[in-house]
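The primary structure of each chain is shown beneath.
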Amino acid sequence: MKATRFIEVGQPIQLVDLPDPEVGPTEVLVRISGAGVCHSDLHVIDGEVGVRQKPITLGHENAGIVERVGSLVTEVKPGDGVAVFGAWGCGVCALCEQGEENLCQKPIYPGVMVDGGWAEKLLVPHPRNLVKLNGLDPVIAAPLTDAALTPYRAVRKALSRLGPGRTLAIIGVGGLGHMALQIARALTPATQLIAIDVSDAKLAMAKELGADHCINAQTEVGAAVKAATGGAGADAVIDFVGNDATLANAVASVAIAGKLVVVGIAGGTLPFSFWKIPLECEVTTSIWGNRRELKDVLELARRGLIAPHIERQPLSAINEVIARLHAGDVRGRVVLTP
Ligand code: NAD
Ligand code: ZN
Ligand code: ZN
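The following paragraphs examine the structure supplied in this document. (Residues numbered from 1 in each chain as written. Chains lettered and ligands numbered in written order. Predicted model: local features only at pLDDT ≥ 70, side-chain atom pairs only at ≥ 80, totals over all residues. Heavy atoms only, no water.)

**What about the site of ligand 1?**
- Close to ligand 1 lie 27 residues, the nearest being His39, Ser40, Asp197, Trp288 and Arg333.
- With respect to ligand 1, the backbone of Gly175 contributes an N or O atom lying 2.9 Å from an oxygen atom.
- Contact between ligand 1 and Asp197: an oxygen atom at 2.6 Å from a side-chain N or O atom of the residue.
- Starting from 870 Å² of accessible surface for ligand 1 in isolation, the protein chains cover 89%.
- Looking at the shell around ligand 1, the elements that each hand over two or more residues are α1 (39-45), α3 (138-158) and α4 (175-187). (Near = heavy atom within 4 Å. Polar contact = N/O pair within 3.5 Å; in protein donor to acceptor, adjacent residues only side chain to side chain. Areas by Shrake-Rupley, 256 points an atom, 1.4 Å probe, with all protein chains shown as cover. Helix = DSSP H or I, 4+ residues; strand = E, 2+ residues; numbered from the N terminus.)

Structure follows, in structure tokens:
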């Protein structure tokens, strides 16, 4: 099978031929229809986030068609369209037992710990990591497994603050942010939505997706959010970048007793003390999502309430795609279609 390989920081991704993986008794081999390119992959390629082995096939946003199943697998069969739930946990720790595999202390994420989906085929360790698509296009489903699942969990963390007369500010209208706007619209239609980005093109997209206000991050973000909220600030802010500048803008934008959810893993620091954030403002991170939440997201898409904006590219285009994502030159999500 054709597969891309991340060899080392600073080297281009290579396209190689590898033997098809052997399929063990509980495993499933999925022929990849779509594999999203996430900004987290850039953090890996840039050496900011480590991987367990090199070379490795990146790609944690996957969907496709079941090609082969192990002798003990009865849950799916060859030909089934499936989304790959990517937050593979150990399955036995307390958090995995609660269904929160995305919080497992010993995760084995594809594309980080083991080979991922930027290839023609992906070996999935257990059918519990697959969700049947029931008619949904697997190329559309691929980005839903992260670019929609992650903001779904993040928006739900903020939901208690939202509703009529309330405001959600979304920082970064990229792969995740453009889904966050749609998810927020679907879950809390009466909430005022503010989109913040450095790119006017991304803000134009946010407007098309129903943002009530768009703010260019090169201006005074906190003042603009306060102006749009009668001086109070946003009841919730979700930061899909997470660098020093966006975290500072998030704190300048969030209301007293509001909520700040940090999703972006750019590694910025948020100065925290009694006086550094608004009174009783809650600050949390949010990591990916669980299987139940993925099923919810797929249902939102099936009902036409959310739809990722995707650009299809072959595996061979991966290095150009990475360069464009770096430059902020991707609208929505690029999905590799091997
Ligand atoms: P992306 O590159 O598609 O989008 C990032 C967006 O942020 C772009 O529109 C860019 O113009 C905008 N931006 C950059 N600097 C900005 C600034 N200073 N102010 C406002 N906007 C700015 O990235 P993505 O794939 O959507 O990922 C976003 C972040 O979320 C990345 O850090 C990624 O690693 C992380 N991520 C986290 C999780 C999680 O579980 N927590 C999951 C997936 C991705
Ligand atoms: Zn990701
Ligand atoms: Zn676990």
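Moving on, there is more to tell.
**A closer look at the coordination of the zinc ion (ligand 3)**
- Distances from the zinc ion (ligand 3) to its protein donors, Cys90 (SG), Cys93 (SG), Cys96 (SG) and Cys104 (SG), fall at 2.3 to 2.4 Å.
- Of note is the zinc ion (ligand 3), whose 4 donor atoms meet at the metal with angles of 103 to 118° in an arrangement that counts as tetrahedral.
- Sequence spacing of the donor residues for the zinc ion (ligand 3), all on one chain, is C-x2-C-x2-C-x7-C. (Donors = N, O, S within 2.8 Å, 3.2 Å for Na, K, Ca; no water. Tetrahedral: all angles 85-135°; square planar, octahedral: opposite > 155°, others 65-115°.)

**Focus on the pairing of strand β15 (residues 333-336)**
- The side-chain alternation of β15 yields two buried faces, one formed by Arg333 and Val335 and the other by Val334 and Leu336.
- In the sheet, strand β3 (residues 28-36) pairs with β15 via 2 bridges, with the strands oriented antiparallel. Of the residues in β15, the one forming a bridge with Ala35 is Leu336.
- Between the parallel elements strand β14 (residues 310-313) and β15, the chain passes through helix α9 (residues 318-326) in a crossover that is right-handed. (Buried < 20%, exposed > 50% of the residue type's maximum accessible area, 1.4 Å probe, protein only. Pairing = 2+ DSSP bridges. Right-handed = clockwise from strand over helix to strand, strands pointing away.)

**Brief notes about the nonpolar core**
- Core analysis: the largest hydrophobic core is formed by 50 residues, its most contacted members being Leu144, Leu168, Ile238, Leu298 and Ile306.
- Put simply, the parts of the chain that give this core at least two residues each are α3, β8 (167-171), α4, β9 (192-197), α5 (200-208), β11 (234-239) and α8 (291-302).
- Of the residues forming this core, the biggest block, 11 residues, is contributed by α3.
- Core analysis: the next-biggest nonpolar cluster, separate from the first, contains 32 residues, Val30, Leu58, Val82 and Val124 among them. (Core = buried A, V, L, I, M, F, W, Y, C linked by side-chain atoms within 4.5 Å.)

**Here we look at the pattern of salt bridges**
- By the definition in use, this model includes 23 salt bridges.
- Two residues, Arg31 and Glu67, come together in a salt bridge whose shortest N-O distance is 2.9 Å. Of this pair, Arg31 sits in strand β3 while Glu67 sits in strand β4 (residues 62-69), and the two are 36 residues apart along the sequence.
- Residue Arg31 is classed as partly exposed on the basis of its relative accessible area, which comes to 36%.
- The salt bridge partner of Glu67 is Lys121, with a shortest N-O separation of 2.9 Å. (Salt bridge = Lys/Arg side-chain N within 4 Å of Asp/Glu carboxyl O.)

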